[in-house]
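Per-entry structural report
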Amino acid sequence: MDIQTNIQLQSFNTLNLNAVASHYCIVRSLQDLREAIEFAEQAQLNMMILSGGSNMLLPEHLDALVVQLHLNDLVLLAEDDTNVTIRVGAGRHWHEFVLWTTEQGFYGLQNLALIPGWVGAAPVQNIGAYGVEVGEFIEFVEAFDRTKNEIVQIQASDCHFSYRHSIFKVQPERFVITAVIFKLLKQPQLKMNYGDLKAAMGDDITPYNLQQQVIKIRQSKLPDPAEYPNAGSFFKNPILIKTKFEEVLQLHPSIPHYPQADGSVKVAAGWLIDQTGWKGKKLGKVGMFDRQALVLVNYADASLTDVQATYRSVQQDVLNKFGILLEPEPVLFDQKGSIQSHLV
Ligand code: EPU
């Protein structure tokens, strides 16, 4: 396995941030992964897994071993009349995998079409869109456990999936996800309750059309990273305790909100940002997109410092107006490749 030095990661992260990694390698097997871990330990470097790069904020210099997992196998493990179980390597491109499932007549993931990134990153933040979260269709996750020094299987119930969250966010250094095992449906159970998805589908109530409409809606709202470098939703939709929500609702009766099972209420971060006048507004090279205020765009070769200046300013304005602190969704890395808190 070849360890390269001083590698520019700009084209490997969808925000297009200029970031040079001191060390970089591609892992194609479990043996490669073991060698990479050994190298990082000997060189006293953190190992940082870079997947599709669509949910990360990178500093200009990274003194770390950046690893890309090119583990692309796809194996049908079991199939009966109702379900199919598929093992998918962490390095598969997410959207291409979703398209493949639909072609095969395997259902469940159609609402998650066009989400950028790779399969191995999907469980980490439990990617979700249009009423579906990936955790619902995961049977187990296969990972290299760096504490046990072996491959382990983590059942979905032990992954603690919740909104944009899982165990992999709590113990980021411990597990290197190598494959995800999905249990999909053979008979479609379409979820069309989100927004105007059902209306968009018209009379063609099929999984294929559901996938097409999700793609169309995403394309109409979300910028293509190739044209406008971005990291999807930049902030999580905040979840408020009931009393706080009621205070906000009284002052702002039109706030879009989604009651949660435990009595808390999720509110739309995009709406909060929009209300502060940030939709389509820029601070220097970085701004919030004019068709979806929740998406931060790098308009011109911005650095992490530029990105931080903009999102902190957005956070401040939302905090001043609503008393709500927005939490960024992308993971922030420091110069040593360790995950940093967004709170400073
Ligand atoms: N809104 C505004 N102004 C805006 C944007 C949104 O007023 O500029 C309002 C909308 O009118 C709507 C509400 O906010 O009433 C929610 O907007 P939308 O339905 O577009 O979804 P979202 O809450 O902004 C979430 C996910 C998206 C996912 C969509 C669809 C988060 C942080 N984001 O966005 O996920 O695609 O729902 O399910 O949960 C991502 O994570 O990268 C992502 C794109």
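Since the model is a prediction, treat every value here as computed from it, not as a measurement. (Residues numbered from 1 in each chain as written. Predicted model: local features only at pLDDT ≥ 70, side-chain atom pairs only at ≥ 80, totals over all residues. Heavy atoms only, no water.)

**A word on the site of the ligand**
Near the ligand there are 24 residues, and of these Y130, Y163, R164, D274 and Q292 occur at the shortest range. At 2.8 Å from an oxygen atom of the ligand is found a side-chain nitrogen or oxygen belonging to Y194. With respect to the ligand, the backbone of S233 contributes an N or O atom lying 2.8 Å from an oxygen atom. Burial of the ligand by the surrounding chains reaches 82%, relative to a free accessible area of 820 Å². Within the residue set of the shell around the ligand, elements represented by two or more residues are α6 (207-221), β13 (230-233) and α8 (269-275). Per-element accounting of the shell around the ligand gives the leading share, 3 residues, to α8. (Near = heavy atom within 4 Å. Polar contact = N/O pair within 3.5 Å; in protein donor to acceptor, adjacent residues only side chain to side chain. Areas by Shrake-Rupley, 256 points an atom, 1.4 Å probe, with all protein chains shown as cover. Helix = DSSP H or I, 4+ residues; strand = E, 2+ residues; numbered from the N terminus.)

**Here's the deal with the sheet that holds strand β12 (residues 175-185)**
Strand pairing in a sheet relies on backbone hydrogen bonds. The paired strands run either parallel or antiparallel. Spatially, 5 strands are ordered β6-β7-β12-β10-β11 in an open sheet, and the strand pairing comes out antiparallel. Each having just a single partner strand, β6 (74-79) and β11 (150-155) make up the two edges of the open sheet. Here the average twist between neighbouring strands, direction ignored, is 20°. As defined by bridge partners, strand β10 (residues 138-145) adjoins β11 across 6 bridges and the pair is classed as antiparallel. In the sheet register, A143 faces β11, and the bridge partner there is V152. (Pairing = 2+ DSSP bridges. Axes fitted to C-alpha atoms, helices over the stretch in contact; angles between N-to-C directions.)

**Side note on the pairing of β12**
Among the 11 residues of β12, 10 are classified as buried, and the element is accordingly described as predominantly covered. Sheet topology places strand β7 (residues 83-89) next to β12; 7 bridges connect them, and they run antiparallel. Looking across to β12, one finds that V84 is bridged to L184. Two strands pair when backbone bridges link them, and β10 and β12 are joined in this way by 7 bridges, in the antiparallel orientation. In the sheet register, F144 faces β12, and the bridge partner there is V176. (Buried < 20%, exposed > 50% of the residue type's maximum accessible area, 1.4 Å probe, protein only.)

**Section: the pattern of salt bridges**
Inspection of the entire model under this criterion finds 11 salt bridges. The salt bridge involving R146 is made with E41; its shortest N-O contact spans 3.8 Å. Here E41 lies in helix α1 (residues 30-42) and R146 lies in the loop between β10 and β11, a separation of 105 residues in the sequence. We classify E41 as exposed; its relative accessible area is 52%. Note that D73 is salt-bridged to R87, the shortest N-O span being 2.4 Å. (Salt bridge = Lys/Arg side-chain N within 4 Å of Asp/Glu carboxyl O.)

**Details of the domain arrangement of the chain**
For the chain, the assigned domains are domain 1 (4-69), domain 2 (74-191) and domain 3 (224-340). Computed from C-alpha atoms alone, the centre-to-centre distance between domain 1 and domain 2 is 23 Å. Of the residues lining the interface, 15 residues belong to domain 1; the matching set on domain 2 comes to 16 residues. With both chains or domains summed, domain 1 and domain 2 bury close to 1200 Å², and 62% of this area falls on carbon and sulfur atoms. Looking only at domain 1, the three residues that lose the most surface to domain 2 are R34, S51 and L69, adding up to 37% of its buried area. The interface formed by domain 1 and domain 2 holds 1 salt bridge in total. Where the side of domain 1 that touches domain 2 is concerned, the elements lending two or more residues are α1, β3 (47-49) and β5 (61-69). Take the side of domain 1 that touches domain 2: its biggest share by element is 5 residues, from α1. Classifying every residue of the side of domain 1 that touches domain 2 gives 7 nonpolar, 6 polar and 2 charged. (Domains from an automatic or database assignment. Contact = heavy atoms within 4.5 Å. Buried area = accessible area lost by both parts, 1.4 Å probe. Nonpolar A, V, L, I, M, F, W, Y, C, P; charged D, E, K, R; others polar.)

**Points about α1**
Side chains three or four residues apart in an α-helix point the same way, a direct result of the helix having 3.6 residues per turn. Given a rise of 1.5 Å per residue, 13 residues ought to cover 18 Å, and the 18 Å separating the end C-alpha atoms of α1 matches this to within 8%. Among all positions in α1, only D32, L33, A36, I37 and A40 are buried. End-on, the buried residues of α1 take up no more than an arc of 135°, which puts them together on one face. Facing away from the buried surface of α1 by more than 90 degrees, the exposed residues are E41 and Q42. (Expected span 1.5 Å × (residues − 1). Arc of directions from axis to C-beta.)

**Some words on the side chain of T101**
Following the sequence through the fold, T101 ends up in helix α2 (residues 94-104). Among all residues touching T101, those that are not within four sequence positions of it are F106, L109, Q110 and L184.

**Things to note about helix α9 (residues 304-322)**
For α9, spanning 19 residues, the distance from its first C-alpha to its last is 26 Å, which sits close to the expected 27 Å at 1.5 Å a residue. For α9, the set of buried residues is L304, V307, Q308, T310, Y311, V314, Q315, V318 and F322. Down the axis of α9, the buried set is contained in an arc of 165°. They therefore lie on one face. Set apart from the buried face of α9 by more than 90 degrees, the exposed residues are T305 and N320. Two residues or fewer after α9 comes G323, characterised by a positive phi angle close to 70°.

**Describing the nonpolar core**
Grouped together as the largest cluster of nonpolar side chains are 41 residues, with contacts concentrated most on W94, L109, L112, V134, F168, F182 and L184. Mapped onto this core, the elements with two or more residues apiece are β7, α2, β10, β11, α4 (167-170), β12, α5 (197-201) and α6. The element that contributes the greatest number of residues to this core is β12, accounting for 6 residues. Not counting the four nearest positions on each side in its chain, L112 is found in contact with W94, V98, I127, G128, A129, V132, E133 and V134. Within the second largest apolar cluster, 33 residues are counted, among which are F234, V248, L304 and V307. (Core = buried A, V, L, I, M, F, W, Y, C linked by side-chain atoms within 4.5 Å.)

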